[in-house]
Amino acid sequence: MLSLSPLTLLPCSPLELIDVALDAGFDAVGLRLFPVMPTDVDVLADRGLQKAIQQRLSTSGLQVLDVEVVRISPNTDIAGLQPSLEFAAGVGARTFAVTAPLRGDYKPEDEGPTARKLRELCELASRYGIKPTIEFMIFRGVGTLEEAVRLVNLVDHPNLGICVDALHLQRSGGTPESLGAIDKSLLSCFQICDAPAEAPQDVQKEARFGRLYPGEGALPLAQMLDVLPSEIPVAVEAPAVAHAGDSLKARAHDVARRTRAILASRAH
């Protein structure tokens, strides 16, 4: 499955995302339900938009890989997430993206209570056939692959996985070798993009705006893919300010073409 993540094209509406993903030949899309940036659309506050998304997806035949993104902490209201899970189930979403608060707001003693909240979310999401997935980022409380694995083991629930983002793996000190060393059954998704080998000073800004398209940078994407399960869904998450002047359609086609070239070389 090749999916187009919203961050690649933002700011754009979910309907625009679906249209250009279909035109570019993607199998699936991700949907951002919880606004993170000022330009994000609050899907859950607009019933008309929800119905339009459901109709557009049904017409297009596209699948929904994931919905995003919830910050999980000891204070997260899990019951309050039920409407988002209901909508996600209604569009056939597979996974529910979860991250930790910023590292400065996440204390070591928060890990246990956070794990209990995450276990509660896993149980609730299982009723809708949706799997929560932890995405680690060096600037967040769960910042490395190893920390994500530790949290998953602490939660100890079968309905929980890890999303590996190529940029976050590299910037947090991870390698293809460290990725290859973990239990593959824990992995639910691989987010692909590219970047220079050397990290900038502001890695959070890079993650949101300054990535490169697959094949434009120095990340060891082929080596990462080599150690991942062959059937793992691949989501293109490549917000690139260098391509901001291109149309949504042009960007979707460009990232699709570049990603398929890397996946095809891996297949051989």
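Preceding this section is the structure that the text describes.
The structure contained in this document is the topic of the report that follows.

## Notes on the overall build of the protein
Right, so step 1: A count of helical and extended segments in the protein gives 10 helices and eight strands.
Right, so step 2: The C-alpha radius of gyration of the protein comes to 17 Å, within 12% of the 18 Å expected for a compact globule of 268 residues.
Right, so step 3: Here the C-alpha coordinates of the protein stretch approximately 45 × 45 × 35 Å along the principal axes.
Right, so step 4: In the protein, which comprises 268 residues, the proportion classed as buried is 56%.

## Topic: the pairing of strand E5 (residues 131-135)
Strand residues, when the strand is regular, have side chains that alternate between the two faces of the sheet.
Right, so step 1: With respect to burial, E5 is a largely interior element, four of its five residues being buried.
Right, so step 2: Where strand E4 (residues 95-99) lies against E5, four bridges are found, and the strand directions are parallel. Residue pairing across strands places Val98 opposite Ile134, the latter belonging to E5.
Right, so step 3: Once the chain exits E4 it traverses helix H4 (residues 111-126) before rejoining the sheet at E5, and the crossover so formed is right-handed.
Right, so step 4: The pairing of E5 with strand E6 (residues 161-165) spans three bridges and is classified as parallel. Considered in E6, the bridge of Glu135 is made with Cys163.
Right, so step 5: The parallel pair E5 and E6 is bridged by helix H5 (residues 145-155), and the resulting crossover is right-handed.

## A look at the nonpolar core
Right, so step 1: With 85 residues, the main nonpolar core has Leu31, Phe96 and Ile162 as its most contacted residues.
Right, so step 2: Ala28, Leu65, Cys163 and Ala235 belong to the second largest nonpolar core, which has five residues in total.

## Here we look at the packing of H4 against H5
Right, so step 1: Their axes nearest at 9 Å, the elements H4 and H5 cross at an angle of 65 degrees. The angle between H4 and H5 places the two elements in the roughly perpendicular class. Relative to H5, H4 is oriented so that their crossing is right-handed. The residues of H5 that touch H4, namely those facing Glu111, Gly112, Ala115, Leu118, Arg119 and Cys122, are Arg150, Leu151, Leu154 and Val155.
Right, so step 2: For the contact of H4 with H5, the per-class residue count stands at six nonpolar, one polar and three charged.

## Focus on the pairing of strand E7 (residues 187-192)
Right, so step 1: Burial within E7 is extensive, with six of its six residues counted as buried.
Right, so step 2: Two elements, E6 and E7, share four bridges in a ladder whose sense is parallel. Considered in E7, the bridge of Val164 is made with Phe190.
Right, so step 3: Sheet topology places E7 next to strand E8 (residues 234-236); three bridges connect them, and they run parallel. Within E8, the position partnered with Phe190 by the bridge is Val234.

## Comments concerning the sheet that holds E4
By way of backbone hydrogen bonds, the strands of a sheet pair with one another, either parallel or antiparallel.
Right, so step 1: Reading around the barrel, the eight strands line up as E1-E2-E3-E4-E5-E6-E7-E8 and close back on themselves, with parallel pairing between neighbours. Averaged over neighbouring strand pairs, the angle between their axes works out to 30 degrees when direction is ignored.
Right, so step 2: Against the sheet, H4 touches E4 and E5, its axis set at about 145 degrees to E5.

## Quick word on H5
Right, so step 1: When H5 is considered as a whole, its buried residues turn out to be Leu145, Glu147, Ala148, Val149, Leu151, Val152 and Val155.
Right, so step 2: On its buried side, H5 packs onto H4, E5, E6, helix H6 (166-171) and helix H7 (176-180).
Right, so step 3: Asp156 sits one or two positions beyond H5 and adopts a positive phi of about 55 degrees.

## Observations concerning the side chain of Thr114
Right, so step 1: Inspection of the secondary structure assignment puts Thr114 in helix H4.
Right, so step 2: Beyond its immediate sequence surroundings of up to four residues, Thr114 is in contact with Ile72, Ser73, Pro74 and Tyr106.

## Examining the pattern of salt bridges
Right, so step 1: This model, assessed by the stated rule, comprises 12 salt bridges.
Right, so step 2: The partner of Arg103 in a salt bridge is Glu147, and the shortest N-O contact between them spans 3.1 Å. Pair noted here: Arg103 is in the loop between E4 and H4 and Glu147 is in helix H5, with a separation of 44 residues, a long-range link.
Right, so step 3: Taking relative accessible area as the criterion, Arg103 reaches 35% and is therefore assigned partly exposed.
Right, so step 4: Note that Asp254 is salt-bridged to Arg258, the shortest N-O span being 2.9 Å. Taken together, the residues Asp254 and Arg258, both in helix H10 (residues 248-267) and four residues apart, mark about one turn of the helix.
Right, so step 5: Note on Asp254: relative accessible area 13%, which makes it buried.
Right, so step 6: A relative accessible area of 23% means that Arg258 is categorised as partly exposed.
Right, so step 7: A network of salt bridges, in which partner residues are shared, links Glu216, Asp254, Arg257 and Arg258.

Reading the values: the criteria
Sequence order as written defines the numbering, with residues in each chain counted from 1. Per-residue local features of the predicted model are confined to residues with pLDDT of at least 70, and side-chain atom pairs are confined, for both listing and counting, to 80 or more; whole-chain, interface and lining totals are unaffected and use all residues. To obtain the side-chain values, all non-hydrogen atoms of the structure were included, while hydrogens and water were left out. Put simply, DSSP H or I for four residues or longer makes a helix, DSSP E for two residues or longer makes a strand, and each gets a number counted from the N terminus. Put simply, the radius of gyration uses C-alpha atoms, and a globule should come to 2.2 Å times the residue count raised to 0.38. Relative accessible area decides the class of each residue, using a 1.4 Å probe on protein chains only: under 20% of the type maximum gives buried, over 50% gives exposed, and in between gives partly exposed. For two strands to be treated as a pair, DSSP must find no fewer than two bridges joining them. Seen with its strands pointing away from the viewer, a crossover is right-handed when the path leading from the first strand over the helix to the second is clockwise. The definition of a nonpolar core used throughout is a set of buried Ala, Val, Leu, Ile, Met, Phe, Trp, Tyr and Cys residues joined through side-chain atoms within 4.5 Å. Axes here refer to lines fitted to C-alpha atoms; in helices the fit is confined to the stretch in contact. Angles between the N-to-C directions go from 0 to 180 degrees. Any angle from 65 to 115 degrees is called roughly perpendicular, while one under 35 is roughly parallel, one over 145 is roughly antiparallel, and all others are oblique. Handedness of a helix crossing follows the sense of rotation of the near helix relative to the far helix, less than a right angle counterclockwise being left-handed and clockwise being right-handed. Working rule for contacts: check all heavy atoms of both residues, and any pair within 4.5 Å makes them a contact. As a working rule, the residues Ala, Val, Leu, Ile, Met, Phe, Trp, Tyr, Cys and Pro are called nonpolar, Asp, Glu, Lys and Arg charged, and the rest polar, with Gly in that last group. A carboxyl oxygen of Asp or Glu within 4 Å of a side-chain nitrogen of Lys or Arg is what we treat as a salt bridge.

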